[in-house]
Amino acid sequence: MSEKHWKSVVSQSVCDYFFEAQEKAADVENVPPVISTPHHYLISIYRDKLFFVSVIQTEVPPLFVIEFLHRVADTFQDYFGECSEAAIKDNVVIVYELLEEMLDNGFPLATESNILKELIKPPTILRSVVNSITGSSNVGDTLPTGQLSNIPWRRAGVKYTNNEAYFDVVEEIDAIIDKSGSTVFAEIQGVIDACIKLSGMPDLSLSFMNPRLLDDVSFHPCIRFKRWESERVLSFIPPDGNFRLISYRVSSQNLVAIPVYVKHSISFKENSSCGRFDITIGPKQNMGKTIEGITVTVHMPKVVLNMNLTPTQGSYTFDPVTKVLTWDVGKITPQKLPSLKGLVNLQSGAPKPEENPSLNIQFKIQQLAISGLKVNRLDMYGEKYKPFKGVKYVTKAGKFQVRT
Amino acid sequence: MSSNSFAYNEQSGGGEATELGQEATSTISPSGAFGLFSSDMKKNEDLKQMLESNKDSAKLDAMKRIVGMIAKGKNASELFPAVVKNVASKNIEIKKLVYVYLVRYAEEQQDLALLSISTFQRALKDPNQLIRASALRVLSSIRVPIIVPIMMLAIKEASADLSPYVRKNAAHAIQKLYSLDPEQKEMLIEIIEKLLKDKSTLVAGSVVMAFEEVCPDRIDLIHKNYRKLCNLLVDVEEWGQVVIIHMLTRYARTQFVSPWRQGDVLEDNEKDFYDSDEEQKEKADKRKRPYAMDPDHRLLIRNTKPLLQSRNAAVVMAVAQLYWHIAPKSEAGIISKSLVRLLRSSREVQYIVLQNIATMSIQRKGMFEPYLKSFYVRSTDATMIKILKLEILTNLANEANISTLLREFQTYVKSQDKQFAAATIQTIGRCATSITEVSDTCLNGLVCLLSNRDEIVVAESVVVIKKLLQMQPMQHGEIIKHMAKLLDSITVPVARASILWLIGENCERVPKIAPDVLRKTAKSFTSEDDLVKLQILNLGAKLYLTNSKQTKLLTQYILNLGKYDQNYDIRDRTRFIRQLIVPNEKSGALSKYAKKIFLAQKPAPLLESPFKDRDHFQLGTLSHTLNTKATGYLELSNWPEVAPDPSVRNVEVIELAKEWTPAGKAKKENPDKKFYSESEEEEDSSESSSDSESESGSESGEDEEDDRSGDSAEDSGESGSEPEAGKGRAATRSRARGRGDSKDVDKEKENSKTSESSSGESSSIEESSSDSESESESESESESRKVTKEKEKKTKQERNPLTKDVSLLDLDDFNLVSTPVALPTPALSPSLIADLEGLNLSATSSVISVSTPVFVPGKTHVLLHRMSGKGLAAHYFFPRQPCIFGDKMVSVQITLNNTTDQKIENIHVGGKKLPMGMQMHVFNPIESLEPAGSITVSMGIDFCDSTQTASFQLCTKDDCFSVNIQPPVGELLLPVAMSEKDFKKEQGMLSGMNETSTTIIAAPQNFASSVILQKIVNVANVGVVPSGQDNIHRYEELKFQAL
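None of the values given here were measured: they were computed from a predicted structure.

Trainee: Sorry if this is basic, but what is going on with the overall build of chain A here?
Mentor: In terms of regular secondary structure, chain A is built from 7 helices and 21 strands. Within chain A, buried positions represent 60% of all 404 residues. In the structure as shown, chain A presents an accessible area of about 16,100 Å², 51% of it carried by carbon and sulfur atoms.

Take a look at the structure:
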């Protein structure tokens, strides 16, 4: 546990309210994000098995706090490679220095990682060795130029020998498929993640073959909104490094192609301590691409004791404590569809489960954006050199659930 | 519970020796040897020694360890004197850590803290702005009352600092000083007033935050800065945006009159237009009612709209609540899409957003109806999310969607999450009461649930059925009988009590069962729950009154049992009932009315949303989430009846001129500013004109050049070469798409920056209007005045930037200084970059906005009749949506029906016979279609803008059928939003080309615009152009006849 105070100091005992709420909620997922105590309000987020709690004295939009806490967690992730208890404990001083720069009297100061990295250098083994010899420090002593300009996300004086710009178009299919295999709900959520390593102040514009597909888009602050409104072109001076350029949703009016189908028969016999489990996965509308990385996760009912299954492909595990069945399938070969069959052992005497569990499916299709979105071209202005450009498409299952 | 970092093991934060011993090993001190010291005393001695050493590295190690202690909540205050000495350290990291320490402990050690003050005072004069800023930050964080005057002085100086970063910190310091000493309020307000005038985007957010904290009621300070804040908003950092938007929402509610009218009739029929054509909407508003929106009100609504696409959930929510609270109801619809998008983010964001949607969906169902399915519950959602989603689904339920919803609810009822299942049952109950058509279905469904195996589900159903039956005083004898039987098996007290109450209430309708139930419960009375006992007593009393012959003895037996019960509530109730119903000499007048008292018609409980009473809190606030007023919550006032004087927001001319030059945002001093901005503008215009020339040159190689050049020749006579080139380009582009795209010359879309950057140009074109008065009009009040001159000016203004960005877009070998950032001037300051950046941003205003279809006819065409298709029937219709398969394609939806009694397998598109140039994107083969099943697939066909027939073969496993699709000309069109003026212009250019005409027959009495509109949109996918003349209705199809 670590604490940092702004404004006046608040006693630790305020956390007791939080722990109380945490105990009351059976599952960590169910701890309410906003808790009211007699004098303070607690707003918390749960991430990477850690709770980040902030203590609030007065009215403030709760999303403001939640969004900021997530940004803090993102920054830790960025600095330490992981956002875990150990990482925070090991770097407690940097954590403190970061928080000091990120927040002043309850108002965020610098949240862009490009700026923070100029103020406080991320820890590396090499640097700590050098520092201990030369006595220099991790803390920069000039104000990052970004902080003053209209483009706070980019640091000045970036230099690379190889100038590269990569874009990953990642689309996730969120779907609920009902018992009979018809789609109850489906939509496509996409993001474009960029990795930009370009010297100087490049000004990029990215255009699409079919920009109208993008129904609802949210932008990184670097994107010029007006250009998008008028021409449907993404025009921006990029931050340095990795960042999320846009996230978008494809209009739900369009029909969403569902790349896989699942045939399932799960049954529990009345008054007997066993049941049958049989699922088969096959490709549906996969646009001629291979579907890979398939995993099926099933939260079995509580009365299930154990499962004896045989997969025709891949391997499966069943955790008798959490009752989670995971089947790692791998690729689908259309000639021989993967299936998983076998028996389910139930607790004897207990009534048979009311409902069959739903199947959560993960998969991946390389080189395909399922919505049909295509990047047309990327142009760079403002710098003389020719950058290396690349675009990659991936389709994944998002919250893909099959009810049985 | 996971192993999280909150292993909370000490509370007092005291420095117990053992704790500290462990401590040293866990902190990151590189010289880990110190962990060996076991005694508290010795350890701190050691730290002191290190702090006094000459080596920076030792000091740094010591400070790191001390910060580690602070982080753990341990007391390190006794090291204060040793630490404070290092405040003047040259090493910036040590310095920063000392600052951290000071801020934490200064309040406890006030005298010693004073030692450090002089260092800060010196640092405040440092040439490095970062050092000035952090000195101010720390100085103001030291909560020692004695230094208030020093702080005040420092803040005053810093608020006039040249660096906006220091001024930003000054704004933060204001709040800190205010919380330390509220007496300083007046002086602080003066500083706030000064900082509010600051033009830096960096300062805006922080100063508004200070304003909100110190003097939220001094709304008069905002007047003069209102327009500036609205215009800067997009460029302010995201956190500042949230604060400013919340403040402006409150401001708008006090300064403008309500845009909401009683019984807003416009809402429905204009819904389709509002987001694509605000201008038109506004015109319509003006024609139809006296209410005219204050241009400043409009400015705020318009300038916040782009922020709906922010990546920051808090910003999106802030804009959403602004639209909800101050925008006309018909325009608030655009926020729903963005809010639904937020549902993809983390659990906490979902929780808050869903709560707000729940409140909104009670009042305005229509807003979220299209997104109904986004609220479907997944089994992996957290319970609180599930319940909120359920709440929203209930609010959105109506006659049309209830059957789908009930099917969905059926799945939820079976959920393994029993709390959620129970909530679903309550939801079904609420749907049953709100939608009378389905109340019987719901009731039946609930009765079926009574035989569920899970007790919680059954109990919940009983409770809900009880409420439903109470609301419908009809005969439901069967259900009551069924429930009476349940008494034998069910054990949940609430449910048992509900059944007993129900039987008692209806004891005359079930005369045979009721006494029997009483007999059974009398037997088990002593072992029942208190809740049930009370209801047994009630049942007894009711039966005694109605059927005393059979139940007199039983009731008396129960009353006797109750008399000696352990619970005093039950003893009281027993005594009360006995006195009331059993006549004896002592009983008063009341017992005469006993029957009336017990069997009175009871009002039915209202099943309503728990979110019903939340709407009096401003959305998106903490108070709304908690449903109680949080400390510091600022009430949103009601709209004033009469708007306060709008002229208070006018800014004096001189100041205005300063403000609106693009360099307005700059941190540079005036002379520079003037120079840069002018030269920049000149550069811009010269650049763009030269571009447009080269542009038209490059264009000439392309097809269709001849008629275009004819057009441009015509135009050039009127308006010079720049706008014409831009238009030529736009037209060619729309041609290339093969569909009717056009730029939208919607003035509403144009942001203030456009007018800023081009105001110079426009005034040079129109010399007559170069006085400052008309300039201010063009910036902010233009929409209120429809002077033709001004309109002309506008269009010109819009054209100029257009040419510029066209050149940016299309010329690959373009190496002009199009991106100002590339200027090789070495003296390029960041602030200049910012300016140029701003200009660059403004280089857009032409909007090709395809408006949503006004109307989608449900008319289907037969593709394949079931007789000729051997049982396979196919129909198609045009959904009038942009096609996903390609820009040029028209989407066609085909519904396939299997009318045979066998499966039809492998339905696919076989050979295609298409005319030249035509293209088709076929649907994916359908594996099989069940008997009586139907499936809808979508295709895209590029008809090449002709009405030629697309012939292809529809094949099944066994047969092939030739079919063809011929599009009506109306379906090849695409509506775009544009103003009447542009429409006329385009129309003029296109006359003499393909024309399609038809006669619409309408009775004279039906000669209303809506009737004609209906007829036209029935045959063609067009939009309406706002027309100045009432008897002429223009539809954009005209434009596309040429295409």
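Trainee: Is there a simple way to think about the packing of helix H30 (residues 530-546) of chain B against helix H31 (residues 548-563) of chain B in this case?
Mentor: Helix-helix packing: each pair is described by the crossing angle between the helix axes and the interaxial distance. Residues and elements named next belong to chain B. Two numbers describe how H30 lies on H31: the axes approach to 8 Å, and their chain directions differ by 150°. As summarised for this structure, H30 and H31 are arranged roughly antiparallel, according to the angle between their axes. The way H30 lies across H31 gives a crossing that is left-handed. On the side of H30, the interface is formed by Ile-536, Leu-537, Gly-540, Ala-541, Leu-543, Tyr-544 and Thr-546, while H31 contributes Ser-548, Thr-551, Lys-552, Thr-555, Ile-558 and Leu-559. Residues that form the contact of H30 with H31 fall into these classes: 7 nonpolar, 5 polar and 1 charged.

Trainee: Just to check I follow, could you spell out the packing of helix H2 (residues 62-80) of chain A against helix H20 (residues 347-363) of chain B for this structure?
Mentor: In the contact formed by H2(A) and H20(B), the axes pass within 10 Å of each other and the chain directions differ by 170°. As far as their axial angle goes, H20(B) and H2(A) are roughly antiparallel. Along the contact surface, H2(A) presents Pro62(A), Leu63(A), Ile66(A), Glu67(A) and His70(A), while H20(B) presents Glu348(B), Val349(B), Ile352(B) and Val353(B).

Trainee: Quick question: what am I supposed to make of H20(B) here?
Mentor: An α-helix turns once per 3.6 residues; consequently, residues spaced three or four apart project the same way. The end-to-end C-alpha distance of H20(B) is 25 Å, a good match for the 24 Å that 17 residues give at a rise of 1.5 Å each. Most of H20(B) sits inside the fold, with 15 of its 17 residues counted as buried.

Trainee: Would you mind showing me how to read the nonpolar core here?
Mentor: Grouped burial of nonpolar side chains is what soluble globular proteins tend to show. In this structure, Phe76(A), Ile66(B), Tyr101(B), Leu339(B), Phe375(B) and Ile581(B) are the most contacted members of the largest nonpolar core, which totals 255 residues. Of all the elements, helix H18 (residues 313-326) of chain B adds the most residues to this core, at 12 residues. The residues touching Leu339(B), leaving out its near neighbours within four places in the chain, are Met317(B), Ala320(B), Val353(B), Ile357(B), Met360(B) and Phe368(B). By size, the runner-up hydrophobic cluster in this structure holds 73 residues, among which are Trp228(A), Val329(A), Val344(A) and Phe363(A).

Trainee: How should the pairing of strand S18 (residues 339-346) of chain A be read in this particular structure?
Mentor: As a general feature of sheets, a regular strand has side chains that alternate between the two faces. Residues and elements named next belong to chain A. The sheet contact formed by strand S13 (residues 274-283) and S18 spans 7 bridges and is antiparallel. Counted as the bridge partner of Thr-280 is Ser-339 from S18. Here strand S15 (residues 304-311) runs beside S18; their pairing, made up of 7 bridges, is antiparallel. Each bridged residue has a counterpart across the sheet, and for Thr-310 the counterpart in S18 is Lys-341.

Trainee: What's the story with the pairing of strand S2 (residues 41-47) of chain A in this structure? I'm lost.
Mentor: Residue and element names in this part refer to chain A. Across the 7 residues that make up S2, a large majority, 7, are buried. A two-sided burial pattern is seen for S2, the buried positions comprising Tyr-41, Ile-43, Ile-45 and Arg-47 on one face and Leu-42, Ser-44 and Tyr-46 on the other. Bridge analysis of strand S1 (residues 34-36) against S2 gives 3 bridges, and the strand direction is antiparallel. For Val-34, the partnering residue across the bridge sits in S2 and is Ile-43. If you look at the hairpin formed by S1 and S2, you'll find 4 residues sitting between the two strands. Pairing of S2 with strand S3 (residues 50-56) involves 7 bridges; the strand directions are antiparallel. Looking at S3, one finds that Ser-44 is bridged to Val-53.

Trainee: I tried to follow the side chain of Thr111(A) on my own but got confused; where do I start?
Mentor: Examined against the element boundaries, Thr111(A) turns out to sit in the loop between strand S5 (107-108) and helix H5 (113-119). Under the relative-accessibility criterion, Thr111(A) is labelled buried at 11%. In this structure the side chain of Thr111(A) is engaged in a polar contact, spanning 3.1 Å, whose partner is the side chain of Trp239(B). Those residues in contact with Thr111(A) that lie beyond four places of it in its chain are Phe68(A), Arg71(A), Met102(A), Leu116(A), Glu238(B) and Trp239(B).

Trainee: Explanation requested: the packing of aromatic side chains in the structure shown.
Mentor: Two measures describe an aromatic ring pair: the distance that separates the ring centres and the angle between the ring planes. Considering all chains together, one arrives at 23 aromatic pairs over all chains under this definition. Relative to Phe400(A), the ring of Phe363(A) has its centre 5.4 Å away and its plane inclined at 80°; by these criteria the two rings are edge-to-face. In this pair, Phe363(A) sits in strand S19 (residues 359-366) while Phe400(A) sits in strand S21 (residues 388-402), placing the two residues 37 residues apart along the sequence. For Phe363(A), a relative accessible area of 3% corresponds to the buried category. Given the relative accessible area of 2%, Phe400(A) is considered buried. Every member of this aromatic cluster is reached through a ring pair, and the members are Phe18(A), Phe19(A), Tyr46(A) and Phe51(A). In this structure, Arg364(B) is placed above the aromatic ring of Trp324(B), and the distance from its NZ or CZ to the ring centre is 3.9 Å.

Cut-offs used in this document
Residues numbered from 1 in each chain as written. Chains lettered and ligands numbered in written order. Predicted model: local features only at pLDDT ≥ 70, side-chain atom pairs only at ≥ 80, totals over all residues. Heavy atoms only, no water. Helix = DSSP H or I, 4+ residues; strand = E, 2+ residues; numbered from the N terminus. Buried < 20%, exposed > 50% of the residue type's maximum accessible area, 1.4 Å probe, protein only. Areas by Shrake-Rupley, 256 points an atom, 1.4 Å probe, with all protein chains shown as cover. Axes fitted to C-alpha atoms, helices over the stretch in contact; angles between N-to-C directions. Parallel < 35°, antiparallel > 145°, perpendicular 65-115°, else oblique. Left-handed = near helix turned anticlockwise from the far one by under 90°. Contact = heavy atoms within 4.5 Å. Nonpolar A, V, L, I, M, F, W, Y, C, P; charged D, E, K, R; others polar. Expected span 1.5 Å × (residues − 1). Core = buried A, V, L, I, M, F, W, Y, C linked by side-chain atoms within 4.5 Å. Pairing = 2+ DSSP bridges. Polar contact = N/O pair within 3.5 Å; in protein donor to acceptor, adjacent residues only side chain to side chain. Phe/Tyr/Trp six-rings, centres within 6.5 Å; stacked < 30°, edge-to-face > 60°. Lys NZ or Arg CZ within 6 Å of the ring centre and 35° of its normal.

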